[in-house]
Amino acid sequence: MPSYDNPVPALLLRLDANPFHHGTLAAVRSLGRAGVETHVLLDGPVGPLGRSRHLTRLHRPGPEGTAGTAPLLRRLREIAAEIGRPAVLLPLDDRGALAVARLCEHLAGHYLLRHPDPALLERVADKGELAALCAAHGIAHPETRSPRSASEAARAARELGLPVVAKWSRPWQLPPGSGLRSTTVLYEPRQAHALHEAGAARMPYGPGDSAASDGSGPGEEHGGGRLLLQRRLPARPGCDWFFHGYIDAAGRLLAGGTGRKERCWPPSAGLTATGRWVPNSRLERIATGFAAAIGYRGILDLDFRHEAAGDTYHLLDFNPRPGAQFRLFTDANGLDVVRAAYLDLTGRPVPVHTPLPGRRLVVEQYALAATLLAPVRRSDPSCRRPRTTGRETAWYARDDPLPFLALLAALQRRLATRLFCRLRRTLRRRTPAVPPARTRAVDRTRSTAGTRAADRSGARGAAGAETRGPADPVPRAPRPRHPAASGASAPPEPPGADPRRAPSRPVRPGTHTGRHHLQGRTPMHDLLVVGAGPYGLSIAAHAASAGLRVRIFGRPMAAWRDHMPRGMYLKSEPWSSNLSDPAAVHTLAAYCADRGVAAGHGEPLPIDTFTRYGLWFAQQAVPPVEERTVTSVRPYLDHYQARTDDGEVIYTRTVALAVGVLPFAHLPEEVRELPAQYVSHSSDLRDPAAFRDLDVTVLGAGQAALETATLLAEEGARPRVVARSAGLAWNTAPQPLKRPLLRRLRDPHCGLGTGWPSWVWSEAPWAVRALPAAARLRIADRALGPAGAWWLRERCEDCVPVRLGRTLRSAALRGRRVGLELRTADGGRERIETDHVVAATGFVPDLDRLALLNPATRAALRKLGASRAPKLGAGFESSLPGLYFAGLLAAPAFGPAMRFVHGATFTAERLVRDVRRHLAGPRAARLPRPAEPAKPLARQR
């Protein structure tokens, strides 16, 4: 390195309010270690940066802030006067870079800085203009649309092929506190519609408008620019690349290199958690060639994604400032892009930048989260770690440890605050609300003779119910508010009720009538279980063992008996596919051992065997299952009313909905309008032999798609698999149960596979529920993604052709065949004609598809984050007290274990325990109040 004696000072400018931006700390350390007097102008929380020993002075905005040209210019001149001599000015964020570009003529003489073209910087930073620049210079870029209305946004999302990436063209202008993120992945057209409307409501001009800033200054720009929808490129390990560099006034690259993201946070679309310096001459030529073509000078940070189909590098972002991970490209002499820019602007020679490939950057907090919640598959060749020649940590440094300690303290405070808020909400939810004195029920003496008698005292227990002995205390009914405060007609009177003591009228939310409204001989049950699949049967078994009065409705194992293809095998291991009873004696292994059926580790189990096991479990461990359909469940005063398809009305204090996956079968929007004889979901394909000699197209890349296609081929059909993914994922053969201790510690066995992440998903769903809602939804969506079973691979590859990298654009009936139009990975089009389409596209938890709950009840249920799944408590209770959800609808709250039979034990134990606590005493309901209270209820005060 050249001499840094009596160096020129440096001022780092950051206007983005992010106290945990490690790139700012890296720039301070880079210059401070070289002996440079380093100042920082920071508009936002200081965070750990203020603890760095290499920071000379931290400057704050003036009283007017930085929300305009004049205040920012005035403050920069004041700082120049305080420093006393010209300093190098380096912006570290997009907003700051654009501000400096516009003010460079006014800052001349006060600072040493590059004089870029403001219009060019605005074009490369604007994500919409960047797409046009790439098209003009032949640089690959994802197909991008800029919708001008919400309906146009929904239509563009469908045409691009879901899921799509939504971006704001100028994210640094997003209004603070708006809740809008710079980048979002959308999975449905209506999400695009809602996002456009949300942007239009929070910005002075609509997101579809092409209004830009008036050029008056960075602080006078409003909104986040236009809403952009981009085709989502297939994400796979090792596909995300970046280029950092510094280009001098002569167009020479003085420092920089290419790197690859090993882990991101959030996964697949977030910041670099760990990255590595990997030489890529082709990518470097693309980056430097594009910069030269547009005449860019200065520091740049480019993000690319490699698409395997077509072997193409797509430019995603162009940042005209140092990237947060620029220290990754530090050579043996300590030269990086910030030091290179400093030396060049001060007129000193910049030494030759010697590449040091293999260096690794670790951002501690993101790397920890990504490692635990988004593991990289070790079997992927692109994820094999090359030799490391150096390590750069974002926060920890031996010569500057205080920022790292400050980071730990800040994260600890944030975690403690979140835990305290959750604990406070939990305690509030469990604390009973004391009813007013005029509505308080009076406890009376109950008969203790042990005989059946009507409750003549008006006590809190259900009148007409069985009188229990002293050893069997009567549970007191909870007093939830009635959610249907919408002016609906009064509910019908229960049979046998006495109108003098039980007036038939709705109860206003938040009130308590002081008496039960069930008189006469109408039975009141403790728990009603709707659904007789693995979860429903397990819940009923635990409830019956706990002594609850429980009824269970449904056809036992109906989804497995009536909807799974013949010849199908269970993907999970037999030992992890047990239904749950409290004594754990009715296991799959016990059933198979009694019948001499093989059910060993690593041996696929036929679906028929598992189905017969479920029926045996229902006979041995569960109260009699009533094979009838529950058509409606609704809150009724302080309990629930259910109706069956044969007209029976049932009253119960609590309800557990374990309806399975069939109501949530997902069909792509492009094939929903086809006649039923031409399209079906994989869950409806009971008899593959019915498709003999027919051409069948199977959509999907998971186990359901691959096994369905294989069974069709083995029965004489001509199937093909069409999938968006660039490649098929196959699970490896399970490791033996008996292994050396170190191997067991490194890759522990669990119900969903091996490895610590899978262990958390399967054995600690309570830990998943403790995460923020966005993280839980991301885990439920991406963890344990589509993959074929190891025992299926040879059968499938021998007889099923696969077309990858294809996105379905449209489907139409052409005569007696279905015409499918596909978009290939390189943007081309492909047409297929087929006799039948099978959508093996999974199941989507959606309360709107639960028809047995009326619209008012569904609207009263709180949702988890941005999903349409219910928000559940630790005991699977929804926001309507006494209403519980199990199975697929609980997966967004508790993680992917709820999609498998293995999660039945955790669910049944927690749910029944919470039901018993619910029945033990009154708990105040916390239902969302309706937007417009019903007038009839207001008159009944």
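Structure: above.
A brief structural summary. These numbers come from a predicted model, not from an experiment.

### A few points about unusual backbone geometry
Point 1. In this model, Leu 162 is joined to Pro 163 through a cis peptide bond whose omega is -5 degrees.
Point 2. Positionally, Pro 163 belongs in the loop between α6 (150-160) and β7 (164-168).
Point 3. At Leu 637, a residue that is not glycine, the phi angle is positive and equals roughly 55 degrees.
Point 4. With respect to the helices and strands, Leu 637 occurs in the loop between β22 (630-636) and β23 (639-644).
Point 5. On the basis of relative accessible area, Leu 637 is assigned to the buried category, the value being 8%.
Point 6. For Asp 693, which is not a glycine, the phi torsion comes out positive at approximately 70 degrees.
Point 7. Tracing the backbone through its elements, the reader meets Asp 693 in the loop between β25 (679-681) and β26 (695-699).

### Focus: the nonpolar core
Nonpolar side chains tend toward joint burial in soluble globular proteins.
Point 1. Of all hydrophobic cores here, the largest spans 80 residues; its most connected members are Leu 537 and Phe 885.
Point 2. Each residue touching Phe 885, except ones within four places of it in the same chain, is listed here: Leu 657, Leu 847, Leu 850, Leu 853, Leu 861, Pro 870, Leu 872, Phe 876, Ser 878, Ala 890 and Leu 911.
Point 3. Counting residues in each nonpolar core, the second largest holds 48 residues, with Leu 12, Leu 25, Ala 26 and Ile 299 among its members.

### Remarks on the sheet that holds strand β32 (residues 817-823)
Point 1. In space, the 3 strands of this open sheet follow the order β31-β32-β33, with antiparallel pairing throughout. In this open sheet, the two strands that pair with only one neighbour each are β31 (807-814) and β33 (829-834). Within this sheet the neighbouring strands show an average axis-to-axis angle of 20 degrees, counted without direction.

### Looking at helix α4 (residues 118-125)
Point 1. Taken as a whole, α4 has its buried residues at Leu 120, Leu 121, Glu 122, Val 124 and Ala 125.
Point 2. Buried residues in α4 make contact with α3 (94-107), α5 (127-137), α8 (281-294) and β14 (312-319).
Point 3. The backbone nitrogen of Ala 119 lies 3.2 Å from a side-chain oxygen of the residue at the head of α4, namely Asp 117.

### Concerning the sheet that holds strand β30 (residues 802-803)
Point 1. Read across the open sheet, the 5 strands follow the order β25-β34-β26-β27-β30; overall the sheet is parallel. The outermost strands of the open sheet, each flanked by one partner alone, are β25 and β30.
Point 2. By the bridge criterion, 2 bridges tie strand β27 (residues 718-722) to β30 in an arrangement that is parallel. In the strand pairing of β30, Val 722 is matched with Arg 803.
Point 3. Of the strands in this sheet, β26, β27 and β34 (836-839) are in contact with helix α16 (residues 703-714), which crosses β27 at around 165 degrees.

### With respect to the pairing of β7
Point 1. Most of β7 is tucked away, with 5 of its 5 residues classed as buried.
Point 2. By the alternation rule, side chains of β7 split into Val 164, Ala 166 and Trp 168 and Val 165 and Lys 167, which are all buried.
Point 3. Where β7 and strand β8 (residues 183-186) come together, 4 bridges link them in antiparallel fashion. Note on β8: the bridge partner recorded for Val 165 is Val 185.
Point 4. Of the strand pairs in this sheet, β7 and strand β9 (residues 227-231) are connected by 5 bridges, and their pairing is antiparallel. Along β9, the bridge assignment pairs Val 165 with Gln 230.

### Description of the pattern of salt bridges
Point 1. Tallied over the entire structure, the rule returns 52 salt bridges.
Point 2. Across the pair Lys 127 and Asp 317 runs a salt bridge, and its minimum N-O distance is 2.6 Å. In this pair, Lys 127 sits in helix α5 while Asp 317 sits in strand β14, placing the two residues 190 residues apart along the sequence. Grouping residues by exposure puts Lys 127 and Asp 317 together as buried.
Point 3. Linking Arg 282 and Asp 311 is a salt bridge whose minimum nitrogen-to-oxygen distance equals 3.1 Å. Here Arg 282 is found in helix α8, whereas its partner Asp 311 is found in the loop between β13 (298-307) and β14, with 29 residues between them in sequence.
Point 4. With relative accessibility at 31%, the residue Arg 282 sits in the partly exposed group.
Point 5. Asp 311 gets classed as partly exposed once you look at its relative accessible area, which sits at 40%.
Point 6. A single salt-bridge network, built from bridges that share partners, covers Arg 102, Glu 122, Asp 126, Arg 170 and Arg 226.

### Things to note about a nonpolar patch on the surface
Point 1. Residues Leu 402, Leu 405 and Leu 408 make up a contiguous nonpolar surface patch of about 270 Å² in total accessible area.
Point 2. With respect to the helices and strands, Leu 408 occurs in helix α11 (residues 402-430).
Point 3. With a relative accessible area of 40%, Leu 408 lands in the partly exposed category.

### Some details on the environment of Phe 329
Point 1. Checked against the element boundaries, Phe 329 lands in the loop between β14 and α9 (337-345).
Point 2. For Phe 329 and Leu 361, which are 32 residues apart along the polypeptide, the C-alpha to C-alpha distance reads 9.4 Å.

### Some remarks on empty space enclosed by the protein
Point 1. This structure, assessed with the given rule, holds 8 cavities of 30 Å³ or more.
Point 2. By volume, the largest cavity amounts to about 250 Å³.
Point 3. Lining the largest cavity are 19 residues, with Pro 91, Arg 114, Gly 298, Ile 299 and Pro 320 sitting closest to its centre.
Point 4. Looking at the lining of the largest cavity, the elements that each hand over two or more residues are β4 (87-91), α3, β13 and α9.
Point 5. It is β4 that provides the largest number of residues to the lining of the largest cavity, a total of 3 residues.

The rules behind each value
- Residues numbered from 1 in each chain as written.
- Predicted model: local features only at pLDDT ≥ 70, side-chain atom pairs only at ≥ 80, totals over all residues.
- Heavy atoms only, no water.
- Helix = DSSP H or I, 4+ residues; strand = E, 2+ residues; numbered from the N terminus.
- Buried < 20%, exposed > 50% of the residue type's maximum accessible area, 1.4 Å probe, protein only.
- Core = buried A, V, L, I, M, F, W, Y, C linked by side-chain atoms within 4.5 Å.
- Contact = heavy atoms within 4.5 Å.
- Pairing = 2+ DSSP bridges.
- Axes fitted to C-alpha atoms, helices over the stretch in contact; angles between N-to-C directions.
- Polar contact = N/O pair within 3.5 Å; in protein donor to acceptor, adjacent residues only side chain to side chain.
- Salt bridge = Lys/Arg side-chain N within 4 Å of Asp/Glu carboxyl O.
- Patch = residues over 30% accessible without salt bridge, like charges linked within 9 Å, V, L, I, M, F, W, Y side chains within 5 Å.
- Areas by Shrake-Rupley, 256 points an atom, 1.4 Å probe, with all protein chains shown as cover.
- 1 Å grid on protein atoms, 1.4 Å probe; cavity = no way out; pocket = protein on both sides within 12 Å on 5 of 7 lines; lining within 4 Å.
- Points joined across faces, edges and corners; volume = space filled by probe spheres on them.

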